[in-house]
Amino acid sequence: VKDATVYGNHYVGGVVAYAYGSVKNNVVDGVTVTGVSVNEDLDGDKVGGVVGFHPGDAKEEVSGNQVLSATVVAKRDAGAVVGAANASNVTENHVEKATVGSAEAEISNAGVIVGRVLGGALNPKANTYNHETITVNGQEVKPAVVEFKAEAASEEVLPVEGGKYVINVTANVP
């Protein structure tokens, strides 16, 4: 998908809004995906550069996708790859350049790979991004431990070869 603008109020994605199956090997470039809030309850959420929402089981995955350039804006649950997902099903994706959220109003559950983690953990060697071209809620993402606004998870960024970084998401279990 190249140079596209996608609007919706709930489950919005650059390639697919709500994925029941696997979403693999897509490339998005110059895409703007916006979740518009029409009411106070469920709107303006689950917005991703590739997939809005992926509830998938162990056999279904979001993998091999590339986000070359994307802007993802939502009320909550926004990610450069997936708005909300079971993180263990999100593998081998790469984000080159993305702006997630807004510099004006910080949103909850915004992330580089997955906005809202519904469970599981990202494989620490599976997803990469170029940290110099990523912003979340107006802040440049740097290699560090980043905590989500949600109580569900945190991201740990680890360096790998070639100047890229991987993200490990772990759920906080009470």
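Residues numbered from 1 in each chain as written. Predicted model: local features only at pLDDT ≥ 70, side-chain atom pairs only at ≥ 80, totals over all residues. Heavy atoms only, no water.

### Examining the confidence of the model for the chain
Do not read the predicted coordinates in detail wherever pLDDT is low.
Move 1: Considering every residue of the chain, the mean pLDDT works out to 79; 73% of them sit at 70 or more.
Move 2: Across residues 143–174, confidence stays below pLDDT 50; counting only partners more than four residues off in sequence or on other chains, it has 88 contacts. (pLDDT = per-residue confidence, 0-100. Contact = heavy atoms within 4.5 Å.)

### Considering the sheet that holds strand β4 (residues 23–24)
Strand pairing in a sheet takes place through backbone hydrogen bonds and is either antiparallel or parallel in direction.
Move 1: Sheet architecture is open: three strands sit in the order β4-β8-β12, paired in parallel fashion. Two strands lie at the open edges of the sheet, namely β4 and β12 (90–91), each paired on one side alone.
Move 2: Bridge count between strand β8 (residues 62–63) and β12: two bridges; the pairing is parallel. Across the sheet, Val62 pairs through a bridge with Val90, a residue of β12. (Pairing = 2+ DSSP bridges. Helix = DSSP H or I, 4+ residues; strand = E, 2+ residues; numbered from the N terminus.)

### Digging into unusual backbone geometry
Move 1: A positive phi angle, near 60°, is found at Lys46, a position not held by glycine.
Move 2: Tracing the backbone shows Lys46 in strand β6 (residues 45–48).
Move 3: Backbone geometry at Asn109 places phi at a positive 60°, although glycine is not the residue there.
Move 4: Tracing the chain through its elements places Asn109 in strand β15 (residues 108–111).
Move 5: Here Asn109 falls in the buried class, since its relative accessible area comes to 7%. (Buried < 20%, exposed > 50% of the residue type's maximum accessible area, 1.4 Å probe, protein only.)

### A short note on the environment of Ala98
Move 1: Note on placement: Ala98 falls in strand β14 (residues 98–100).
Move 2: Its relative accessible area of 2% is what places Ala98 among the buried residues.
Move 3: Sequence spacing of Ala98 and Val112 is 14 residues, and the spatial spacing of their C-alpha atoms is 7.9 Å.
Move 4: Beyond its immediate stretch of four places on either side in the chain, Ala98 contacts Ala70, Ala80, Thr133, Ile134 and Thr135.

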